[in-house]
Amino acid sequence: MSAPTVRAGGVGRAVYRTISSIPTGALWVIVVIWALPTLGLFANSFRGPSEQRTTPWWLLLRDENLSLDNYATVLGTDVQGGLVQGVINSFAIALPATVIPIAMAAFAAYAFAWMDFKGREWIFIGTVSLLAVPLQTALIPLLQLYNGGANQTLPFIGKTLSIFPDLDLTGTTTAVWLTHAGFAMPLAIFLLHNFISGLPKDIFESARIDGADHFQIFVRLVLPLSIPVLAAFAIFQFLWTWNDYLIALTMIGPFAPDKMPATVIIAAIAGDFGRYEHLLTAGAFVQAFFPIVVFFALQKYFVRGILAGSVKG
Amino acid sequence: MAEIVFDGVNKIYPDGTQAIFDLSFEVADKEFVILVGPSGCGKSTALRMVAGLEEISSGRLLIGDRVVNDLSPKERDIAMVFQSYALYPHMSVADNMGFALKLAKVSKEEIDRRVRDAAEMLGLTEYLHRKPKALSGGQRQRVAMGRAIVRSPQAYLMDEPLSNLDAKLRVAMRGEIAALQDRLEVTTLYVTHDQVEAMTMGDRVAVMKLGVLQQVASPTDLYERPHNLFVAGFIGSPAMNLAEAEVVRHGDGIGITIQDGMTLAVDPAATDRYPKVRDRVGQRVAVGIRPEHFAAPSEVADDRVMRGLPVALVEALGSESLVHVDTRTRPIVSEDMRAAIDDEDAFEELKRQAAAGGQPFVVRYEPSRAPRHGETVDVGVRTERIHFFDAQSGLALR
């Protein structure tokens, strides 16, 4: 009686082990498929133009003249004003476009989650529903707003009201990060609100009894406890703005080539008829370097259980 | 140091449900008052109104002669201990305890001194630098207490502070908190659903049911002179045996027919305490007998013995044995009992028993004299200790 049961159990366990290894195996397959093109790009970035065109990248080790020439070229000033300036411009856009919306959205998310005011729900729904506005449709109106402002001539009186001043922003990095910051706000508020509204209520009540006002609760409790979600959103927002091409091209465009971020410069590196196509490989890796640094710098904040020990046992 | 006064306080939520009805009672200066009741009785709401976390719909609330209805929690100068402890997880124990003082801009040395004093009092000195997650449940509970102590507020408010601890620790902390309150002499309002905590800790106990205050009295008073059927059923563990019985003439005095063909003579001492019973001859009343108010048949008069009761269950607790005997007495099925039992399943069981025409009584025995399961016993009733209530209103027949 017991022997077959044991054997069945053994088979069951083997089957179970096989099945349970499927997700891990599938993940590895996906990782390899995803990583291969990047790997090829990386390999090619050390090869000259003729090798890149004539032999596949996995024959890398047969090449005799592997060099850092591609990197030297893209970082030098010969092509398109140089990628170094482009990287600096990218930072000038991505840093404010990350920090400013997070700071503002954290305040807003706290208010929506824990402060009582009239119309709270509707304002929140309105804010979040702005997620549905596609950035592309706003490009031209925004450009007009930045360059000329918004003016309305009142009928009959003939007076012109300036609703939004002419800030003359076209051709500046400010125009780019302002746009990014604005369009990041709904998602940022939504994400942070989800997290902050889930913090235990008792902590806030206890702080109120301890004599804290909303600002003190925000600074001393909400911010430190929200570090995981702030870091997560910071990484995404930095990636999006760092890798943005469209907005930078529209807002800076032909007005000021020296303000262009790295993405636009890399796109232009290939040159007419793709003459310098081989440089794209090195350019792409210069571009990818910084987000990777940011990711590894912030990933230690993705610690689980930051709330452990707060409430309950 | 101050007293807390509820003066006709009501709580009505925006959707119209009323959580608290005309609550009036007073916690005297330095007094330890326990607010107890089954879940949903409004005790936590009452406490949160004192803390300033719930608005007061009408009535007045005073802390130390000051009407505090419209003051913020901060202005009320009270400290609260939460059921969940609500420690700040990213701060060390010392920072947790000193948080309120830091916000009040007390000097660093002063904060340090007061935190150290409190930590010493609570045995937390060696944990001051630790984060809450590195502490055990009991230690977290102490930190929550310490946070209240360092502030030296006008009053402590405690919302079921022990209910997250395991049973053994709860018993230890029970005594500790009571001793601490006695030493610090700070007015304390303590909410619990556990009537054992209520009986053992407080100077006085306020019992609530469905938003209505039932009785405020010392623990002994509450136990010996319950104001109504609900208090009688709720206070005491194991609970009082309650049954419907008919009041009859018996000799010079009165007796009660507690089940068909079984009439017990009522001692005059009981009718002295419940004089209105004398007017109820021929009517049905609710009768309450605590488990410890039974005796061996030889110790009481012959007409005070319930005979031939089969033993259904014996709980041997070491110091005493609780013997459940089957009777054919009629259980009391009313809203009071539903609230006192505070358990829908148990109440359904009671209803089923009522329909079947019988219920078990719990009788306390000396372990050495306890009968065994399946035996049939005679138990004497100390009828001088019997309680009487109106079967309809539930009020004591005093």
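Cut-offs used in this document
Residues numbered from 1 in each chain as written. Chains lettered and ligands numbered in written order. Predicted model: local features only at pLDDT ≥ 70, side-chain atom pairs only at ≥ 80, totals over all residues. Heavy atoms only, no water. Helix = DSSP H or I, 4+ residues; strand = E, 2+ residues; numbered from the N terminus. Buried < 20%, exposed > 50% of the residue type's maximum accessible area, 1.4 Å probe, protein only. Contact = heavy atoms within 4.5 Å. Areas by Shrake-Rupley, 256 points an atom, 1.4 Å probe, with all protein chains shown as cover. Lys, Arg positive; Asp, Glu negative; His and termini not counted. Charge placed at Lys NZ, Arg CZ, Asp CG, Glu CD. Pairing = 2+ DSSP bridges. Axes fitted to C-alpha atoms, helices over the stretch in contact; angles between N-to-C directions. Core = buried A, V, L, I, M, F, W, Y, C linked by side-chain atoms within 4.5 Å. Expected span 1.5 Å × (residues − 1). Arc of directions from axis to C-beta. Domains from an automatic or database assignment. Buried area = accessible area lost by both parts, 1.4 Å probe. Salt bridge = Lys/Arg side-chain N within 4 Å of Asp/Glu carboxyl O. Polar contact = N/O pair within 3.5 Å; in protein donor to acceptor, adjacent residues only side chain to side chain. Nonpolar A, V, L, I, M, F, W, Y, C, P; charged D, E, K, R; others polar. Parallel < 35°, antiparallel > 145°, perpendicular 65-115°, else oblique.

### As for the overall build of chain B
Scanning chain B for helices and strands turns up twelve helices and 20 strands. Overall, the C-alpha framework of chain B stretches about 75 × 45 × 35 Å when taken along its three principal axes. The buried share of chain B, taken over its 398 residues, is 55%. Expressed as a percentage of contacts within chain B between residues at least 6 apart in sequence, the contacts between residues at least 24 apart total 70%. Accessible surface computed for chain B: about 16,800 Å², of which carbon and sulfur atoms make up 46%. When the 48 positive and 58 negative side-chain charges of chain B are each reduced to one mean point, those points stand 4 Å apart.

### Focus on the sheet that holds strand β4 (residues 58-63) of chain B
Residues and elements named next belong to chain B. Within the open sheet, the four strands sit side by side as β2-β1-β4-β5. Their pairing is antiparallel. Two strands lie at the open edges of the sheet, namely β2 (18-27) and β5 (66-67), each paired on one side alone. Where helix α1 (residues 43-51) meets the sheet, its contacts fall on β1 (4-12), β2 and β4, and the angle it forms with β1 comes to roughly 115 degrees.

### Let's talk about the pairing of strand β2 (residues 160-164) of chain A
Residues and elements named next belong to chain A. Little of β2 is tucked away, with zero of its five residues classed as buried. Pairing of strand β1 (residues 150-153) with β2 involves four bridges; the strand directions are antiparallel. Each residue of the ladder has a partner; that of alanine 150, found in β2, is phenylalanine 164. Connecting β1 to the next strand, β2, in antiparallel fashion are six residues, including phenylalanine 156 with a positive phi near 70 degrees.

### Notes on the nonpolar core
Residue and element names in this part refer to chain B. Grouped together as the largest cluster of nonpolar side chains are 47 residues, with contacts concentrated most on Ile34, Met97 and Val207. Among all residues touching isoleucine 34, those that are not within four sequence positions of it are Tyr190, Thr192, Glu197, Ala198, Met201, Gly202, Arg204, Val205 and Ala206. Counting residues in hydrophobic clusters, the runner-up holds 41 residues, among them Leu229, Val285, Ala286 and Val311.

### Considerations on helix α6 (residues 135-146) of chain A
Residues and elements named next belong to chain A. Compared with the 16 Å implied by 1.5 Å per residue over twelve residues, the 15 Å span of α6 between its first and last C-alpha is a close match. Looking at α6, one finds that the buried residues are Ala138, Leu139, Leu142, Leu143 and Tyr146. The buried residues of α6 occupy one face: seen down the axis, they fall within an arc of 140 degrees. Residues of α6 that are exposed and point more than 90 degrees away from the buried face comprise Thr137, Ile140 and Gln144. Considering only its buried residues, α6 is in contact with α7 (173-196) and α11 (246-251). Of the residues flanking the end of α6, it is glycine 148, one or two places downstream, whose phi is positive at about 130 degrees.

### Examining the sheet that holds strand β8 (residues 187-192) of chain B
All names here are of chain B. Taken in spatial order, the six strands line up as β6-β7-β8-β3-β9-β10 in an open sheet, and their pairing is mixed. In this open sheet, the two strands that pair with only one neighbour each are β6 (78-81) and β10 (212-217). Across the sheet, the mean angle separating the axes of adjacent strands is 15 degrees when strand polarity is ignored. Of the pairings in the sheet, the one linking strand β9 (residues 204-209) to β10 comprises five bridges and is antiparallel in character.

### Thoughts on helix α13 (residues 279-298) of chain A
A rise of 1.5 Å per residue sets the reference length of α13 of chain A, with its 20 residues, at 28 Å; its end C-alpha atoms lie 30 Å apart and thus fit the reference within 8%. Of all the positions in α13 of chain A, only Leu279, Thr281, Ala282, Gly283, Phe285, Val286, Gln287, Pro291 and Val294 of chain A are classed as buried.

### So, the domain arrangement of chain B
Residue and element names in this part refer to chain B. In terms of domains, chain B is made up of domain 1 (4-232) and domain 2 (233-390). The straight-line distance from the C-alpha centre of domain 1 to that of domain 2 is 37 Å. Counting from both sides, the interface comprises 19 residues of domain 1 and, opposite them, 20 residues of domain 2. Summed over both sides, the interface of domain 1 with domain 2 buries roughly 1,800 Å², with 61% coming from carbon and sulfur. Scanning the region where domain 1 abuts domain 2 turns up zero salt bridges. The tally of links between domain 1 and domain 2 comes to nine residue pairs in polar contact (both at pLDDT 80 or more). Elements represented by at least two residues in the side of domain 1 that touches domain 2 include exactly α7 (195-201), β9, α8 (219-224) and α9 (229-234). At four residues, the largest contribution of residues to the side of domain 1 that touches domain 2 is made by α9. Partitioning the side of domain 1 that touches domain 2 into residue classes produces twelve nonpolar, five polar and two charged.

### What about the packing of helix α10 (residues 227-242) of chain A against α13 of chain A?
All names here are of chain A. At a minimum axis distance of 10 Å, the contact between α10 and α13 shows a crossing angle of 175 degrees. As judged from the angle between their axes, α10 and α13 are roughly antiparallel. Listed contacts from α13 to Ala231, Ala234, Ile235, Phe238, Leu239 and Trp242 of α10 are Gln287, Phe290, Pro291, Val294, Phe295 and Leu298. A class-by-class count of the residues in the contact of α10 with α13 yields eleven nonpolar, one polar and no charged.

### Re the side chain of lysine 11 of chain B
Residues and elements named next belong to chain B. By secondary structure assignment, the location of lysine 11 is in strand β1. Under the relative-accessibility criterion, lysine 11 is labelled buried at 6%. Within the structure, lysine 11 has its side chain in polar contact with the backbone oxygen of glutamate 55 (distance 2.9 Å). Excluding residues that lie within four positions of it along the chain, lysine 11 makes contacts with Thr17, Gln18, Ala19, Ile20, Thr45, Met49, Glu54, Glu55 and Ser57.

### What about the interface of chain B and chain A?
The interface is formed by 28 residues belonging to chain B together with 25 residues belonging to chain A. Across the interface of chain B and chain A, roughly 2,300 Å² is buried in total on both sides, 59% from carbon and sulfur atoms. It is Pro89, His90 and Leu103 of chain B in chain B that bury the most area against chain A; as a group they hold 23% of the surface buried on that side. There are two salt bridges connecting chain B and chain A. Between arginine 48 of chain B and glutamate 205 of chain A there is a salt bridge, and its shortest N-O distance comes to 2.7 Å. Applying the counting rule to chain B against chain A returns nine residue pairs in polar contact (both at pLDDT 80 or more). Considering each element in turn, the side of chain B that touches chain A owes the most residues, four residues, to helix α3 (residues 93-103) of chain B. Of the residues in the side of chain B that touches chain A, the class split is 17 nonpolar, four polar and seven charged.

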